[in-house]
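Survey of secondary and tertiary structure
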Amino acid sequence: MSTSLSLDSLDGLLAEYQDVQAQLSDPEVHSTPGKARRLGRRYAELGRIHAAAQAYRQASEDLDAGREMAAEDPEFGEELPAMEQAAIDALATLQGVLAPRDPNDASDVIMEIKAGEGGEESALFAADLMRMYMRYAETKGWSVQVLGSMDSDLGGIKDAQIVVKAKGDVAPEDGVWAHLKYEGGVHRVQRVPVTESQGRIHTSAAGVIVMPDIEEDEEVVIEANDIKVDVFRSSGPGGQSVNTTDSAVRITHIPTGIVVSMQNEKSQLQNREAGMRVLRARLAAAQAEKREAEAAEARQSQIRTVDRSERIRTYNFPENRIADHRTGYKAYNLDHVMNGELGPVIDSAIQADEKARLAAAVGQD
């Protein structure tokens, strides 16, 4: 983006701000929760642009007035440097909010955490990761709901799905997706497993998939004829039966072959609803990955990649070390990170991403 900016280019966004504001005042809009939430998120995003544009316009007007007064009274010229700096700062803020953002930043998130290579130790680490994200969510004031989980024999998890939600409408930079989208990939752990009798350090891994939580009435449409629903009896660790009724649900999306199984709830209907929620998120993520792959050269972010097999982070317990392989972040406070103090690690990804987005905006101007 250039160092000068015509406010005329903001007219469309400011007009949209007024339009969304008017829609949100219509009670009928709130009868469709999904639409109201989408409008609320867009209003929060446009609100930042509106405020920054107002601040820049005011600073520019003040500077123009100051120059006129300085022409009549030279002593007033002493005030000009501060006014010029205020205008420069306001412009920089406006440029920042106009830089391309991920449209899902204000969205809530569905996370899938899966054990990988390493057997039981991988399942135990997957459970540690889920607790880490739940504790991090608490520090942000977010709520967490466990949609489903399949436990291992020693108390780990083979596969789990959680929903992380913000409270109310939030600005994009404060959204759950804006923070957790960087967590997708392979998380490697180095430590002595509880199953290791000779104290040797093992390396294993768990996978994390992060997807925006898609509302039922949003862009992903699932036709009834495109899904196959099977019901079965819930099972616990080791395959033992934990339910005497066929309440567990397996949903297969026939066109894509995506399969979602849910068994946490006692009600077949609740398991089906949870499964459909995860299926919508997976389909939306698959569509997004296809779009990203088709436009790889124009991708804005250099932090997230389409390849979910990317090893993004190492958790070294003997050295109490956490290392992010994408941003170069490294610290020796792994015990704190596992207790939910994930902020600095995620901030390193946010900062690298913002730098890439601003560079892309400058290059495209």
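Reference entry: report on the structure contained in this document.

Next up on the list: the overall build of the protein. Regarding its fold elements, the protein presents 8 helices and 11 strands. Across the protein, the fraction of contacts at a sequence separation of at least 24, relative to all contacts at a separation of at least 6, is 62%.

Let's shift gears to the sheet that holds strand β4 (residues 185-191). The strands making up a sheet associate through hydrogen bonds between their backbones, and the pairing can be parallel or antiparallel. Ordered by their spatial adjacency, 8 strands build an open sheet running β2-β3-β1-β5-β4-β9-β10-β11, and the pairing between neighbours is mixed. For this open sheet the edge positions go to β2 (143-151) and β11 (330-331), each flanked by a neighbour on one side alone. As defined by bridge partners, β4 adjoins strand β9 (residues 311-316) across 5 bridges and the pair is classed as parallel. In the strand pairing of β9, Val 186 is matched with Arg 311. Set on the sheet, helix α4 (residues 119-140) makes contact with β1 (109-115), β2, β3 (157-165), β4, β5 (202-212) and β9; between it and β4 the angle comes to about 110°.

Glancing now at the nonpolar core. Grouped together as the largest cluster of nonpolar side chains are 39 residues, with contacts concentrated most on Met 111, Leu 129, Tyr 133, Leu 180 and Tyr 315. Elements represented by at least two residues in this core include exactly β1, α4, β3, α5 (176-180), β5, α7 (334-338) and α8 (343-364). Tallying contributions element by element places α4 first for this core, with 9 residues. In contact with Tyr 315, not counting residues within four places along its chain, are Phe 125, Leu 129, Met 132, His 187, Arg 188, Val 189, Gln 190, Arg 321, Ile 322, Leu 334 and Met 338.

On to the pairing of β5, then. Of all 11 residues in β5, 8 are buried, a share of seventy percent or more. Bridge analysis of β1 against β5 gives 7 bridges, and the strand direction is antiparallel. Residue Ile 113 lies in a different strand from β5, and its bridge partner there is Val 208. Sheet topology places β4 next to β5; 7 bridges connect them, and they run antiparallel. Within β5, the position partnered with His 187 by the bridge is Ala 206.

Moving on: the environment of Ala 284. Looking at where Ala 284 falls in the secondary structure, it is placed in helix α6 (residues 268-294). Residue class for Ala 284 comes out buried when judged on its relative accessible area of 10%. Once the C-alpha coordinates of Ala 284 and Ile 214 are considered, the two residues, 70 residues apart in sequence, prove to be 7.5 Å apart. Leaving out residues up to four positions away in the same chain, Ala 284 has contacts with Ile 214 and Val 220.

Pairing is antiparallel in the open sheet, where 3 strands are placed in the order β6-β7-β8. Each edge of the open sheet is held by one strand with a lone partner, namely β6 (227-232) and β8 (258-262). For this sheet, the mean angle separating the axes of adjacent strands, direction not counted, is 15°. Sheet analysis places β6 next to strand β7 (residues 248-253), joined by 6 bridges and oriented antiparallel. Opposite Val 231, over in β7, you have Val 249 as the bridge partner.

Given 3.6 residues per helical turn, the α-helix brings residues three or four places apart onto the same face. The end-to-end C-alpha distance of helix α1 (residues 11-24) is 20 Å, a good match for the 20 Å that 14 residues give at a rise of 1.5 Å each. When we look at burial in α1, the residues that qualify are Leu 14, Tyr 17, Val 20 and Leu 24. Buried residues in α1, looked at end-on, bunch into an arc of 120°, giving them a common side. In this structure, the buried side of α1 is in contact with α2 (33-72).

Inspection of the secondary structure puts Arg 282 in helix α6. What Arg 282 contacts, discounting residues up to four positions off in sequence, is Glu 112, Lys 114, Met 211, Ile 258, Val 259 and Val 260.

With that settled, consider a negative patch on the surface. There is a patch of like negative charges on the surface, built from Glu 61, Asp 62, Asp 64, Glu 68, Glu 72, Asp 73, Glu 75, Glu 78 and Glu 79. Within the secondary structure layout, Glu 79 lies in the loop between α2 and α3 (80-98).

Once that is clear, we can look at the pattern of salt bridges. Applying the stated rule across the entire model yields 18 salt bridges. Across the pair Asp 105 and Lys 181 runs a salt bridge whose closest N-O atoms are separated by 2.8 Å. With Asp 105 in the loop between α3 and β1 and Lys 181 in the loop between α5 and β4, this pair connects stretches of sequence that are 76 residues apart. Of the residues examined, Lys 181 reaches a relative accessible area of 6% and is grouped as buried.

Okay, unusual backbone geometry next. One non-glycine residue, Asn 320, lies in positive phi territory at about 55°. The topology assignment puts Asn 320 in the loop between β9 and β10 (321-324).

Our next topic: the environment of Thr 256. You can see Thr 256 is positioned in the loop between β7 and β8. Separated by 30 residues in sequence, Thr 256 and Asp 226 have C-alpha atoms that sit 9.2 Å apart.

It is worth spelling out the packing of aromatic side chains at this point. Each aromatic ring pair is specified by the distance between its two centres and by the angle formed by the two planes. Evaluated as defined, the whole model comprises 3 aromatic pairs. A centroid spacing of 5.3 Å and a plane angle of 70° characterise the contact between Phe 125 and Tyr 315, whose relative ring orientation is edge-to-face. Note that Phe 125 is positioned in helix α4 and Tyr 315 in strand β9, a separation of 190 residues in sequence. For Tyr 315, a relative accessible area of 0% gives the class buried. The ring of Phe 317 carries the charged tip of Arg 191 above its face, separated from the ring centre by 4.8 Å.

Thresholds, definitions, all that
- Residues numbered from 1 in each chain as written.
- Predicted model: local features only at pLDDT ≥ 70, side-chain atom pairs only at ≥ 80, totals over all residues.
- Heavy atoms only, no water.
- Helix = DSSP H or I, 4+ residues; strand = E, 2+ residues; numbered from the N terminus.
- Contact = heavy atoms within 4.5 Å.
- Pairing = 2+ DSSP bridges.
- Axes fitted to C-alpha atoms, helices over the stretch in contact; angles between N-to-C directions.
- Core = buried A, V, L, I, M, F, W, Y, C linked by side-chain atoms within 4.5 Å.
- Buried < 20%, exposed > 50% of the residue type's maximum accessible area, 1.4 Å probe, protein only.
- Expected span 1.5 Å × (residues − 1).
- Arc of directions from axis to C-beta.
- Patch = residues over 30% accessible without salt bridge, like charges linked within 9 Å, V, L, I, M, F, W, Y side chains within 5 Å.
- Areas by Shrake-Rupley, 256 points an atom, 1.4 Å probe, with all protein chains shown as cover.
- Salt bridge = Lys/Arg side-chain N within 4 Å of Asp/Glu carboxyl O.
- Lys, Arg positive; Asp, Glu negative; His and termini not counted.
- Charge placed at Lys NZ, Arg CZ, Asp CG, Glu CD.
- Phe/Tyr/Trp six-rings, centres within 6.5 Å; stacked < 30°, edge-to-face > 60°.
- Lys NZ or Arg CZ within 6 Å of the ring centre and 35° of its normal.

Purely geometric stuff here, so don't read any function into it on its own.
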